[in-house]
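As a plain string of letters, each chain reads:
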Amino acid sequence: NQSHWKAMSEEALKSVCAPGSTTSLPPLPPLCAPSLDPAVVSNRLELEMRLLDLDLATVWDDHLSYLLSSALSAYEMERCTGVSCGNEEFQDAVRRAVPDGHTFKGFPIHFLHRNARRAFATCLRSDIVPNTLGTAWSSVPVYVIHYYY
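Source: prediction; values computed, not measured.

Chemist: Which parts of the structure should I look at to understand the overall build of the protein chain?
Modeler: Broken down by element type, the protein chain carries 6 helices and 2 strands. Per-residue burial for the protein chain yields a buried fraction of 19% across its 149 residues. When contacts within the protein chain are restricted to residue pairs at least 6 apart in sequence, those whose partners lie at least 24 apart make up 70%. Within the structure as shown, the protein chain displays about 12200 Å² of accessible surface, and the carbon and sulfur contribution to it stands at 58%.

Below, the structure written as structure tokens:
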């Protein structure tokens, strides 16, 4: 609504926004390109996770992976902006994806490394994961989401 704004003269605008005008902000530091390609690193970690010999009857579910990826994106957005979006849609999608009589169990966990075996060992030592792994393992779909930024 333009009636809520006070008009500014063109001269005032030019003095602030003109090319070559000075600013009180310090110059921005130069940015460097990432040293790792996130897609390559992510795919390599997923492959390592799939190849771990865990003595579990694990089924990797690509459809569930798609659902969890969009949820992760929404959670990251909420963490950055404080605004939650898409949670209801995610819950509905998971309800449709999980077969009757089964329960979806998921948990967030962060690592500062890219070692799949070490990450899984850390999960086993946490309070949340053993409860999740205590689930009957007959054909449990699993997906590990890895996200680099």
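On we go.
Chemist: So what exactly am I meant to see when it comes to helix 3 (residues 62–81) here?
Modeler: Counting along an α-helix, one turn takes 3.6 residues, and residues three or four places apart therefore face a common direction. Taking 1.5 Å of rise per residue, the 20 residues of helix 3 would be expected to cover 28 Å, and the 29 Å separating its terminal C-alpha atoms lies within 8% of that figure. Where helix 3 is concerned, the buried positions are Leu64, Ser65, Leu67, Leu68, Ala71, Ala74 and Glu76. One or two positions beyond helix 3, positive phi appears at Gly82, with a value near 80°.

Chemist: What is the right way to look at the packing of helix 3 against helix 4 (residues 87–97) in this model?
Modeler: Packing of helix 3 against helix 4 brings their axes to within 10 Å, and their N-to-C directions diverge by 165°. In terms of their interaxial angle, helix 3 and helix 4 are classed as roughly antiparallel. Where helix 3 crosses over helix 4, the handedness of that crossing is left-handed. Residues His63, Leu67, Leu68, Ala71 and Tyr75 of helix 3 touch helix 4, and the partners they reach there are Asn87, Phe90, Ala93, Val94 and Ala97. Residue composition of the contact of helix 3 with helix 4, by class: 8 nonpolar, 2 polar and no charged.

Chemist: Sorry, what's going on with helix 2 (residues 38–51) here?
Modeler: Taking 1.5 Å as the rise per residue, helix 2 with 14 residues should run 20 Å; its terminal C-alpha atoms sit 20 Å apart, in good agreement. Looking only at helix 2, the buried set comprises Val41, Ser42, Leu45, Glu46 and Met49. Projected down its long axis, helix 2 shows its buried positions confined to an angular sector of 135°, all on one face. Facing away from the buried surface of helix 2 by more than 90 degrees, the exposed residues are Asn43, Leu47 and Leu51. Two or three places before Ala39, at the opening of helix 2, Asp37 has a side-chain oxygen 3.2 Å from that residue's backbone nitrogen.

Chemist: For this particular structure, what's the right way to read the nonpolar core?
Modeler: Inside soluble globular proteins, nonpolar side chains tend to come together where they are buried. Grouped together as the largest cluster of nonpolar side chains are 8 residues: Leu64, Leu67, Leu68, Ala71, Phe90, Ala93, Val94 and Val98. Ranked by residue count, the leading element in this core is helix 3, at 4 residues. Residues in contact with Val98, not counting those within four places in the same chain, are Thr103 and Phe104. Residues Leu45, Met49, Leu52 and Ala116 belong to the second largest nonpolar core, which totals 5 residues.

Chemist: Is there a simple way to think about the environment of Phe120 in this case?
Modeler: With respect to the helices and strands, Phe120 occurs in helix 5 (residues 116–125). The exposure class of Phe120 is buried, given its relative accessible area of 17%. Between the alpha carbons of Phe120 and Leu52 there is a distance of 9.2 Å; along the sequence they are 68 residues apart.

Chemist: Is there a simple way to think about the pattern of salt bridges in this case?
Modeler: Pairing is possible between side chains of opposite charge, provided their charged atoms come close. Taken as a whole, this structure holds 2 salt bridges when the rule is applied. Across the salt bridge formed by Glu46 and Arg50, the nearest N and O atoms sit 2.9 Å from each other. You can see Glu46 and its partner Arg50 sitting in helix 2, 4 residues apart, about one turn around the helix. We classify Glu46 as buried; its relative accessible area is 15%. Classification of Arg50 by relative accessible area gives partly exposed; the value is 31%. Measuring nitrogen to oxygen at the nearest pair gives 2.9 Å for the salt bridge that ties Asp92 to Arg95. Linking Asp92 with Arg95, this pair stays in helix 4, spanning 3 residues, or about one helical turn. The exposure class assigned to Arg95 is exposed, which follows from its relative accessible area of 56%.

Cut-offs used in this document
Residues numbered from 1 in each chain as written. Predicted model: local features only at pLDDT ≥ 70, side-chain atom pairs only at ≥ 80, totals over all residues. Heavy atoms only, no water. Helix = DSSP H or I, 4+ residues; strand = E, 2+ residues; numbered from the N terminus. Buried < 20%, exposed > 50% of the residue type's maximum accessible area, 1.4 Å probe, protein only. Contact = heavy atoms within 4.5 Å. Areas by Shrake-Rupley, 256 points an atom, 1.4 Å probe, with all protein chains shown as cover. Expected span 1.5 Å × (residues − 1). Axes fitted to C-alpha atoms, helices over the stretch in contact; angles between N-to-C directions. Parallel < 35°, antiparallel > 145°, perpendicular 65-115°, else oblique. Left-handed = near helix turned anticlockwise from the far one by under 90°. Nonpolar A, V, L, I, M, F, W, Y, C, P; charged D, E, K, R; others polar. Arc of directions from axis to C-beta. Polar contact = N/O pair within 3.5 Å; in protein donor to acceptor, adjacent residues only side chain to side chain. Core = buried A, V, L, I, M, F, W, Y, C linked by side-chain atoms within 4.5 Å. Salt bridge = Lys/Arg side-chain N within 4 Å of Asp/Glu carboxyl O.

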